[in-house]
Amino acid sequence: MYDARDDVPEPHRFDLTPVFDSRADWADAAAELASAVDAFDLDRPLAEVLAAFEALSARDHRLRTYADLRADVRTGDDRRQADRYRAESLHGDVMALRDDVERRVRDADVAPDDPAVPPRFERYVADVHRRADHALDPSGADVLAALEDVLDAPERTHRALVDGDFQPPTIDVDGDEVALTRSERSRVQRTGDRDVRRRAFRAVRDEFVARRETLAATLDAMARRNVRVAALRGYDSALDAALAGDDPYVACRPQQRLPRGVYDALVGGVRANLAPKHRLERVRRDALGVDTLEPWDRNAAPLDGDAPEYEYAEARDLILDAVAPLGDAYRRRVDRVFDDRRIDAFDYPGKTERGAGYATHAPDAGSFVLARWNGSLAHVFLLAHELGHAVHASLAQDAQPHATAGIPAPLAELPSKLHEVLLADHLLASARGDERTAVAARAVRSVGANLFFSARWAAFTRELYERAADGDRLTAEWLDETYGDLYAEFVPALEATDRLRAGWTTGLYAVPLYHHCPYILGTAGALAVADGLGDELRPADYVGFLEAGTSAPAVDRLEDLGVDATSRHAVADAVAAFDRYVDAFAAAAAE
């Protein structure tokens, strides 16, 4: 880890000039967007209204991408945080205008394939009509828009608690004081000895527990707001509103609905197939030679020597080799993300603590990846994961107009998980000794966490939203109890201590209610794609799936890949694949 961002070599820092040449240019564009929103003319032909709004949506997207990336690499910079707030406020104005534009679409009473509707807007217009019963009247929409800043306050508070005001604790590791940033605690939990892992877990968890009551209050406020806004729009529940795609990140795009039956099949399917996960915990306990598995043992690999370490350039080569089954053109696209300074690669104090990393994109400016490279095998996988998102976004942007160039939320995690599956299989085929054991341990983590961890969090968020809908408060005590009960269901090998029950404090709540469901769907889909490549599935078929963006319904696009998301068989097949990775882990540990 570097001591400061300025110490990171320039090739490994973002080059954001493809988005804006400078912060001054960004500020000018923000002012121009504000003026354009205020002056937007709805009294013109529908095709012109849609085209003009599409252009505004793209400008809004670029502004927010630039502001978010700059803020997340220097969280202590007040000006950058103010710019992010400015971009969020402008987005609220654009979303308020969206209500007017969509009202104009409904008033025009034209079918999606009417000559008055340009072809690229057919799905958007159809989606506007689909959501007509949940649209607010003008007065309600205006009130909601006026309250945008107030309604977003819980997210800002949560961000401050876990990012801006979070000072990573330090622990002694072999005589050195180590600051437990997100990447460092990840490394320690995988490679440190048991005492170091224990102290690291407790130090970080205690920082979150110290914020427990405040985090409960912000979570309660978020849930109540979402329940009430969903009811205001005529949905039966906040979950139904989330599955309908009622709060898009990008204004001018068809929203990707996930049928309730798919959601229930995915989460229920995992909960009905927990036996391989329970077996993994027993295998890990025996491999580590401990009597009782503790929270700080869950990600540890039983190694005879040191954990494998990788140079950044070596990780790049491994990832490029792993994605080779997707074709040469795809591989070159991955390579360009590195060459074009699209990755902020290394960790340092002041880099956002929210999430292990992420990929994002801006219209006509390409994709960017925020990473936390620390040389560990886990971070090879994390880098591969985010590159999957980056390539997905760039392919959709190149192939589609802005109106359909989005990433379908239900399918968002399939490309990233496919990268991880391909990397795991590539390394398992070549690694030996401790490296193979470490790879097998990472494979079960990569696949298992996105099936079982995600299903557990999906079940947890559903329960807390149901409680909020019933009018009951989300107290810290109730959250502890509910989270602890679900943990016991999914990971019975661990004793539910107070620190473990407080694990809900580390969650990401400023995300859609069904946020964890796409990880289940993405993992099941990725395993199916990896199994089909070179047989009934060609690389061109997969690239076409990515290029489609939001131009077709998500479930239909999955069927093109041979994945039936409406059936629990998709989950059962994924769990069976996970069980094979458990076999590989058990065999490697035994060696």
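Our subject is the structure listed above.
Numbers given for residues are sequential positions, taken from 1 along each chain in its written order. Residue-level local features of this predicted model are given only where pLDDT is at least 70; pairs of side-chain atoms are given and counted only at 80 or more, and the full residue set underlies all totals for whole chains, interfaces and linings. Hydrogens and water molecules were not included; the side-chain quantities draw on all heavy atoms of the structure.

### Things to note about the side chain of Glu 281
Move 1: Only runs of H or I of at least four residues qualify as helices and only runs of E of at least two qualify as strands under DSSP, and these elements are numbered from the N terminus. Summarising the element assignment, Glu 281 is placed in helix α13 (residues 275-288).
Move 2: Relative accessible area decides the class of each residue, using a 1.4 Å probe on protein chains only: under 20% of the type maximum gives buried, over 50% gives exposed, and in between gives partly exposed. Using a relative accessible area of 5% as the deciding quantity, one classes Glu 281 as buried.
Move 3: We call two N or O atoms a polar contact when they sit within 3.5 Å, provided that within protein one can donate a hydrogen and the other can accept it, with sequence-adjacent residues counted only if both atoms are side-chain atoms. A distance of 2.4 Å separates polar atoms of two side chains, one belonging to Glu 281 and the other to Lys 277.

### Points about the packing of helix α3 (residues 78-108) against helix α4 (residues 122-130)
Move 1: For helices, the fitted axis covers only the stretch in contact; all axes are lines through C-alpha atoms, and the angles between them, taken along N-to-C directions, range from 0 to 180 degrees. Relative to each other, α3 and α4 sit at 90 degrees, their axes nearing to 10 Å. Compared by their axis directions, α3 and α4 come out roughly perpendicular. In contact with Arg 98, Glu 102, Val 105 and Arg 106 of α3, α4 contributes Tyr 124, Val 125, Val 128 and His 129.
Move 2: Three categories are distinguished: nonpolar for Ala, Val, Leu, Ile, Met, Phe, Trp, Tyr, Cys and Pro, charged for Asp, Glu, Lys and Arg, and polar for the others, with Gly belonging to the last. In terms of residue class, the contact of α3 with α4 is made up of four nonpolar, one polar and three charged. Any angle from 65 to 115 degrees is called roughly perpendicular, while one under 35 is roughly parallel, one over 145 is roughly antiparallel, and all others are oblique. By definition, residues are in contact when any of their heavy atoms lie within 4.5 Å.

### Focus on the packing of aromatic side chains
Move 1: Aromatic rings from Phe, Tyr and Trp, taking only the six-membered ring of Trp, are treated as a pair when their centres fall within 6.5 Å; an angle between ring planes under 30 degrees marks them as stacked, one over 60 as edge-to-face, and anything in between as tilted. Counted according to the given criterion, the structure contains 16 aromatic pairs.
Move 2: Note on Phe 20 and Tyr 66: the rings are 5.3 Å apart at their centroids and 75 degrees apart in plane angle, and the pair reads as edge-to-face. Residue Phe 20 is found in the segment before α1 (23-38), and its partner Tyr 66 is found in helix α2 (residues 46-73); the two are separated by 46 residues along the sequence.
Move 3: Given the relative accessible area of 12%, Phe 20 is considered buried.
Move 4: Ring geometry for Phe 201 and Trp 296: centres 5.7 Å apart, planes at 55 degrees, overall tilted. With a gap of 95 residues between them, Phe 201 in helix α9 (residues 194-209) and Trp 296 in the loop between α13 and α14 (312-322) connect regions that are remote in the sequence. As far as burial versus exposure is concerned, Phe 201 and Trp 296 are alike and both buried.
Move 5: Here the aromatic cluster, defined as three or more aromatic residues joined through ring pairs, consists of Tyr 2, Tyr 312, Phe 338, Phe 346 and Trp 373.
Move 6: Over the ring of Phe 40 we find Arg 44, and its NZ or CZ is 5.0 Å from the ring centre.
Move 7: Lysine and arginine charges are scored as sitting over a ring when NZ or CZ, respectively, is within 6 Å of the ring centre and within 35 degrees of the ring normal. Positioned over the ring face of Phe 368 is Arg 342, at 4.7 Å from the centre of the ring.

On their own, these measurements won't tell you what the molecule is for.
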